[in-house]
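In case you want the letters, here they are:
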Amino acid sequence: MHLTHRIQLNPTSAQADYLARACGTARKVWNWGLCEWNRQYAAGLRPNAMALKKQFNAIKYADPQWLDKDGMPWLRTIHRDAHAQPFAHLAKAWSRFFADLKSGTPAHAPQFKKKGRCRDSFYVANDKFSICGQTVRLPKVGEISMRERLRFTGKVLGATVSRQADRWHVAVQVDVPDAEALKHRTGNGVVGVDLGIKAAATLSTGEVIHSPRPLRAALRRVKIRGRRVSRKLETARIAAGFKRGGRLPKGTRFPVSNNRKKSKLELARTHARIAHLRADFTHKLTTRLCRENQAVVIEDLHVKGMLANDKLARAISDVGFGQIRQQIAYKAKRHETRRVVADRWYPSSRLCSVCGRKNEALTLKDREWTCPECGTHHERDVNAALNLKRLATATALPVASPTGNGGAAAGIPPVVVGKVTPVRYDCGQQDTSGQEKNHAHF
Ligand SMILES: [Zn+2]
């Protein structure tokens, strides 16, 4: 099982300087590769990453673009992996783009990376670095101390060094033997999880889990610090002789003052803190769900579509739905928990979890409702979670698919045509006989 451990680094300022330059190199090479790719494509050629890399290697120590002001090839000061790997990434980005085009999912062509706006990172191949205790030896910089030891044993596959605000991390990918990667499970429950904004997660046990919503809590601070940065930008703009508010010619660069750097870092650290708080919450929630249950049922939420709603976007991204889903996916594998994803059109809120009647009149505002058929009083989210839970057991309620597209999305033919909403099983076994295997694991 491939697992990645991301460890914070304690670089000296000279080391941090090298890391920043290596990231800049990776970015610049990516941009060069993409530019060249586009140019060749427009000229009717068929560019590929290997040929591009060869082409780049031929010019990288000679072309004036890649020489410093003394005419020296500065790329020699940066380790090779930082400027070789972007070509592999580029090839991957293009093949994903074309695969998306083919399958009809929204496709995005690779973009140029903008300094200060893109993620700063570079790659180091597994034979170029070594880890000993709490230090990592990277090429060209030497030993950098780490905040903790590498948690996994196994074959090291590679590492990525990245920056978040002013913190540096190394993410080490390890091929961990399954016996070590698998985690002990403390329970054998089946839980349905209804994700929402009011309560981040409502479990089928009736438990309501609230998200700390760190962005909402820190929004005032973010706005203040964002204003401080933009004021400094505005000052630089006026000092350079441009009018307030007008459009700038493309490629305009202002001198960066120390105070602008400082305020920018403050803003970045605020955002990083928000991200950390959110990650702490989602990790604790998803670990708990996977550790205590043999099956976790979640909805296939259309997060992108929900983010298009301006009024909800901030609240949705503050809970971290995407992270929750992603973390459940890999933690379920480690705990041998079955992850069940309900179809996007499964009407989990509208079904009565007792008799199965579908309440068509239910709107988003109704937090509670009473079933007209059996008279059960439902709390909206708990009822939805209960319906989701049923999908993991044999007692899934029959649902007539109202729009007819319920089955199309999941791609699995329903057991009873037009009656049962199909479900995607992502991990483990589909039948309950799989429990024996799970028990054997303890
Ligand atoms: Zn009912």
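Residues numbered from 1 in each chain as written. Predicted model: local features only at pLDDT ≥ 70, side-chain atom pairs only at ≥ 80, totals over all residues.

**A short note on the overall build of the chain**
Part 1 of the reasoning: If you tally the helices and strands in the chain, you get 12 helices and 15 strands.
Part 2 of the reasoning: The buried share among the 442 residues of the chain stands at 28%.
Part 3 of the reasoning: For the chain, the share of sequence-separated contacts (at least 6 apart) that also reach a separation of at least 24 residues comes to 67%. (Helix = DSSP H or I, 4+ residues; strand = E, 2+ residues; numbered from the N terminus. Buried ≥ 20, exposed ≤ 12 C-beta atoms within 10 Å, placed from the backbone. Contact = placed C-beta atoms within 7 Å.)

**Some points on the pairing of strand 8 (residues 189-195)**
Part 1 of the reasoning: Taken across its 7 residues, strand 8 has 6 buried, putting it largely inside the fold.
Part 2 of the reasoning: The pairing of strand 8 with strand 11 (residues 293-299) spans 4 bridges and is parallel. Paired with Val191 across the strands is Val296, a residue of strand 11.
Part 3 of the reasoning: Pairing between strand 8 and strand 9 (residues 201-203): 3 bridges, direction antiparallel. If you follow Leu195 over to strand 9, its bridge partner there is Ala201.
Part 4 of the reasoning: Linking two consecutive strands that pair antiparallel, namely strand 8 and strand 9, is a turn of 5 residues. (Pairing = 2+ DSSP bridges.)

**Notes on the nonpolar core**
Part 1 of the reasoning: Counting residues in hydrophobic clusters, the biggest one holds 32 residues, and the most contacted among them are Val193, Val296 and Val297.
Part 2 of the reasoning: Elements represented by at least two residues in this core include exactly strand 8, strand 9, helix 6 (258-292), strand 11, helix 9 (321-335), strand 12 (338-342) and helix 10 (380-392).
Part 3 of the reasoning: Residue contributions to this core peak at 7 residues, all from helix 10.
Part 4 of the reasoning: Ranked by size, the runner-up nonpolar core spans 30 residues in total, among them Phe56, Leu90, Val124 and Ile144. (Core = buried A, V, L, I, M, F, W, Y, C linked by C-beta atoms within 7 Å.)

**A look at helix 6**
Part 1 of the reasoning: Compared with an ideal rise of 1.5 Å per residue, which puts 35 residues at 51 Å, helix 6 spans 51 Å between its outermost C-alpha atoms and is within 8% of the ideal.
Part 2 of the reasoning: Restricting attention to buried positions, one finds in helix 6 the residues Ser263, Leu267, Ile274, Arg278, Phe281, Thr282, Leu285, Thr286, Leu289 and Cys290.
Part 3 of the reasoning: Where the residues of helix 6 are buried, they touch strand 8, strand 9, strand 10 (208-209), helix 5 (214-239), strand 11 and helix 9. (Expected span 1.5 Å × (residues − 1).)

**Observations regarding helix 2 (residues 49-59)**
Part 1 of the reasoning: Among the residues making up helix 2, those that are buried are Leu52, Lys53 and Phe56. Buried residues along helix 2 cover an arc of 100 degrees about the axis, so they all sit on one side. Of the residues in helix 2, the exposed ones pointing more than 90 degrees away from the buried face are Met50, Lys54 and Ala58.
Part 2 of the reasoning: On the buried face of helix 2, the contacting elements are helix 1 (13-42) and helix 3 (80-103). (Arc of directions from axis to C-beta.)

**What to know about the pairing of strand 4 (residues 135-138)**
For a regular strand, side-chain orientation follows a simple rule: the groups alternate between the two sheet faces.
Part 1 of the reasoning: In strand 4, alternate side chains face the same way, and those of Val136 and Leu138 are buried while those of Thr135 and Arg137 on the opposite face are not.
Part 2 of the reasoning: Bridge count for strand 3 (residues 130-132) against strand 4 is 3 bridges, and the pairing is antiparallel. By the bridge assignment for strand 4, Ser130 is matched with Arg137.
Part 3 of the reasoning: Summarising the sheet, strand 4 and strand 5 (residues 142-146) pair through 4 bridges and their orientation is antiparallel.

**Examining unusual backbone geometry**
Part 1 of the reasoning: Of note, Ala165 is a non-glycine position whose phi angle comes to about 50 degrees, a positive value.
Part 2 of the reasoning: Mapped onto the fold, Ala165 is located in the loop between strand 6 (155-164) and strand 7 (167-175).
Part 3 of the reasoning: Positive phi values are uncommon outside glycine, yet Arg213 reaches one of about 45 degrees.
Part 4 of the reasoning: Relative to the helices and strands, Arg213 is located in the loop between strand 10 and helix 5.
Part 5 of the reasoning: For Arg213, a count of 20 C-beta atoms within 10 Å gives the class buried.

**Focus on the confidence of the model for the chain**
For any part of a model where pLDDT is low, the fine detail of the predicted coordinates should not be relied upon.
Part 1 of the reasoning: Here the chain shows a mean pLDDT of 86. Residues at 70 or above account for 89%.
Part 2 of the reasoning: Confidence drops under pLDDT 50 across residues 400-422; counting only partners more than four residues distant or on other chains, this segment forms 36 contacts. (pLDDT = per-residue confidence, 0-100.)

**What to know about the sheet that holds strand 2 (residues 121-125)**
Part 1 of the reasoning: With respect to topology, 7 strands assemble into an open sheet ordered 2-6-7-1-5-4-3, the strand pairing being antiparallel. Where the open sheet ends on each side, the last strands, each with one partner, are strand 2 and strand 3. Each neighbouring strand pair of the sheet contributes to a mean axis angle of 35 degrees, computed without reference to strand direction.
Part 2 of the reasoning: Taken together, the 5 bridges between strand 2 and strand 6 define a ladder with antiparallel strand orientation. Bridge assignment links Phe122 to a residue of strand 6, and that residue is Val161. (Axes fitted to C-alpha atoms, helices over the stretch in contact; angles between N-to-C directions.)

**Overview of the packing of helix 2 against helix 3**
Part 1 of the reasoning: Helix 3 packs onto helix 2 with a crossing angle of 155 degrees between their chain directions and a minimal axis gap of 9 Å. In terms of orientation, helix 2 lies roughly antiparallel with respect to helix 3. Like other packed secondary-structure pairs, helix 2 and helix 3 cross with a definite hand, here right-handed. The segment helix 2 lies against helix 3, with Ala49, Leu52 and Lys53 engaging Ala84, Phe87, Ala88, Leu90 and Ala91.
Part 2 of the reasoning: When its residues are assigned to classes, the contact of helix 2 with helix 3 shows 7 nonpolar, no polar and 1 charged. (Parallel < 35°, antiparallel > 145°, perpendicular 65-115°, else oblique. Left-handed = near helix turned anticlockwise from the far one by under 90°. Nonpolar A, V, L, I, M, F, W, Y, C, P; charged D, E, K, R; others polar.)

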